[in-house]
Amino acid sequence: MEDLEWLEVFGRFGADAVLVAAAVACGVRLLKCTLLKDRGGALFTALLPFALGVVLFAGLQCILHPSLDYLAEHIGNILYRGFTAGCLSTLFGAFLSRFTGKKTLSGKEAVVRELLTGLAAGDALDALAVEVAACVSEEYSDEDVSKVEKALRAFAEGNAAADAEEGGESAEGTQNTAEGADAGTAADLKALAELIVQTLRTAAV
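Residue positions within a chain follow its written sequence, with the count starting from 1. Local features in this predicted model are restricted to residues whose pLDDT is 70 or higher, and side-chain atom pairs enter the listing and the counts only when it is 80 or higher, whereas totals over whole chains, interfaces and linings include all residues. Side-chain numbers come from the whole structure's heavy atoms, not from hydrogens or water.

A word on the overall build of the chain
Piece 1. Numbering goes from the N terminus for both helices and strands, where a helix is a DSSP run of H or I of at least four residues and a strand is a run of E of at least two. Scanning the chain from terminus to terminus reveals nine helices and zero strands.
Piece 2. Only protein chains enter the accessibility calculation, which uses a 1.4 Å probe; a residue is then buried when its area is under 20% of its type maximum, exposed when over 50%, and partly exposed in between. By the burial criterion, 41% of the 205 residues in the chain qualify as buried.
Piece 3. Two residues form a contact once any of their heavy atoms are found within 4.5 Å. Here the contacts in the chain between residues at least 6 apart in sequence split such that 68% fall between residues at least 24 apart.
Piece 4. As displayed, the chain offers around 10,800 Å² of accessible surface, 59% of which is attributable to carbon and sulfur atoms. Each accessible area value is a Shrake-Rupley result obtained with a 1.4 Å probe; residue values ignore everything except the protein chains displayed when judging cover.

A word on the side chain of Thr-202
Piece 1. When you line up the elements, Thr-202 lands in helix 9 (residues 171-203).
Piece 2. With near-sequence residues (within four places) excluded, Thr-202 lies in contact with Arg-12, Phe-13, Tyr-80, Phe-83, Thr-84 and Cys-87.

Quick look at the packing of aromatic side chains
Piece 1. Here a Phe, Tyr or Trp ring, Trp counted by its six-membered ring, pairs with any other such ring whose centre lies within 6.5 Å, and the pair is stacked when the planes are under 30 degrees apart, edge-to-face when over 60, and tilted otherwise. According to the stated counting rule, one finds one aromatic pair in the structure shown.
Piece 2. Centroid distance Phe-50 to Phe-83: 5.0 Å. Interplanar angle 25°. Geometry classified as stacked. In this pair, Phe-50 sits in helix 3 (residues 42-64) while Phe-83 sits in helix 5 (residues 75-97), placing the two residues 33 residues apart along the sequence. Of the two residues examined, Phe-50 and Phe-83, each falls in the buried class.

Topic: the packing of helix 5 against helix 6 (residues 107-115)
In helix packing, the relevant descriptors are the interaxial angle and the interaxial distance, both defined with respect to the helix axes.
Piece 1. Working convention: axes come from line fits to C-alpha atoms, limited for helices to the stretch in contact. Angles between N-to-C directions cover 0 to 180 degrees. At their nearest, the axes of helix 5 and helix 6 sit 8 Å apart, and the two run at 110° to each other. Put simply, helix 5 runs roughly perpendicular to helix 6. Residues Thr-90, Leu-91, Gly-93, Ala-94 and Ser-97 of helix 5 touch helix 6, and the partners they reach there are Ala-110, Val-111, Arg-113, Glu-114 and Leu-115.
Piece 2. Across the contact of helix 5 with helix 6, the residue classes break down as five nonpolar, three polar and two charged. The labels follow the angle: roughly parallel below 35 degrees, roughly antiparallel above 145, roughly perpendicular from 65 to 115, and oblique for the rest. Ten residue types, Ala, Val, Leu, Ile, Met, Phe, Trp, Tyr, Cys and Pro, are classed as nonpolar, four, Asp, Glu, Lys and Arg, as charged, and the remainder, Gly among them, as polar.

A few points about the nonpolar core
Piece 1. Nonpolar cores are built from buried Ala, Val, Leu, Ile, Met, Phe, Trp, Tyr and Cys residues. Side-chain atoms within 4.5 Å join them into one set. Judged by nonpolar contacts, the single largest core of 52 residues is most densely connected at Leu-116, Val-132, Val-148, Leu-152 and Ile-196.
Piece 2. When residues no more than four places from it in sequence are discounted, the contact partners of Val-132 are Val-112, Leu-116, Val-148, Ala-151, Leu-152 and Ile-196.

Regarding helix 2 (residues 15-33)
In an α-helix there are 3.6 residues to a turn, and that puts residues three or four apart on one side.
Piece 1. To estimate how far a helix should reach, multiply one less than its number of residues by 1.5 Å. Helix length check: helix 2, at 19 residues, gives a terminal C-alpha distance of 27 Å against a target of 27 Å (1.5 Å per residue), a fit within 8%.
Piece 2. Three or more residues of helix 2 are buried, namely Ala-17, Val-20, Ala-21, Val-24, Ala-25 and Val-28. Projected onto a plane normal to the axis of helix 2, the buried residues spread over an arc of 145° and lie on a single side. Exposed side of helix 2, more than 90 degrees from the buried face: Ala-15, Leu-19, Cys-26, Leu-30 and Cys-33 are the residues found there.
Piece 3. Buried residues along helix 2 sit in contact with helix 3 and helix 5. Our arc is simply the arc of the directions from the helix axis toward the C-beta atoms.

Things to note about the side chain of Thr-90
Piece 1. Mapped onto the elements, Thr-90 comes out in helix 5.
Piece 2. The buried category is assigned to Thr-90, whose relative accessible area is 3%.
Piece 3. Excluding anything up to four places from it in sequence, Thr-90 contacts Pro-49, Phe-50, Val-111, Glu-114 and Leu-115.

Notes on the environment of Gly-59
Piece 1. The topology assignment puts Gly-59 in helix 3.
Piece 2. A relative accessible area of 28% means that Gly-59 is categorised as partly exposed.
Piece 3. Taking C-alpha positions, Gly-59 is 9.9 Å from Gly-82, a pair spaced 23 residues apart along the chain.

Things to note about the environment of Ala-193
Piece 1. With respect to the element layout, Ala-193 can be found in helix 9.
Piece 2. Of the residues examined, Ala-193 reaches a relative accessible area of 0% and is grouped as buried.
Piece 3. A C-alpha to C-alpha distance of 5.2 Å links Ala-193 and Glu-149, two positions 44 residues apart in sequence.
Piece 4. Excluding residues that lie within four positions of it along the chain, Ala-193 makes contacts with Val-145, Val-148, Glu-149 and Leu-152.

Quick notes on helix 3
Piece 1. Taking 1.5 Å per residue, 23 residues should reach 33 Å; helix 3 reaches 34 Å between its end C-alpha atoms and fits that length.
Piece 2. Approximately 40° is the largest bend angle found in helix 3, and it occurs at Leu-48, with the proline Pro-49 only one to four residues beyond.
Piece 3. All buried positions along helix 3 are accounted for by Ala-42, Leu-43, Thr-45, Ala-46, Leu-48, Pro-49, Phe-50, Gly-53, Phe-57, Leu-60 and Gln-61. The angle separating two fitted axes, one through the seven residues that finish at a residue and one through the seven that start at it, defines the bend at that residue.

Quick look at the structure:
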């Protein structure tokens, strides 16, 4: 995706969402470098900009429209616009960091990498982002979610097996560790897969 196309994507969201997204992008960067450095699961890290987007956008609407009737009537739209602000903040982060790895990523791959920063790092993150982005078609279907979930699960199981092997566990212990890690993260990986597909659908990158 060319720089001009990125600017066109940003322009679709509206000035209020752009303002919130910029604040969220800065906040998320700060948190990842301080309080959340080496902490928090992959799903929590991926959800953070969307949660902040909803909270800050709702707060902005409360300031601009201090009326309970207005807020109650438009709650659905406020939540949706807050989510899109989270998407836009992810796009900001992807735009700023897409050249930080050794491999230059496409816009789609950069967005996926931004959402996977809690799951991998470095070259492994770049490779996983490319693999996951390839699983998502322009239909953004349930099948795409399943493909992404399968790729994430394979990555998680591979990491669990490698960690167990480095720890000197037996082959049986390694298998049990991988299965336990899979059971413990299956719901998170499914939710993360759905978030990735939904973000790419909303951003249409």
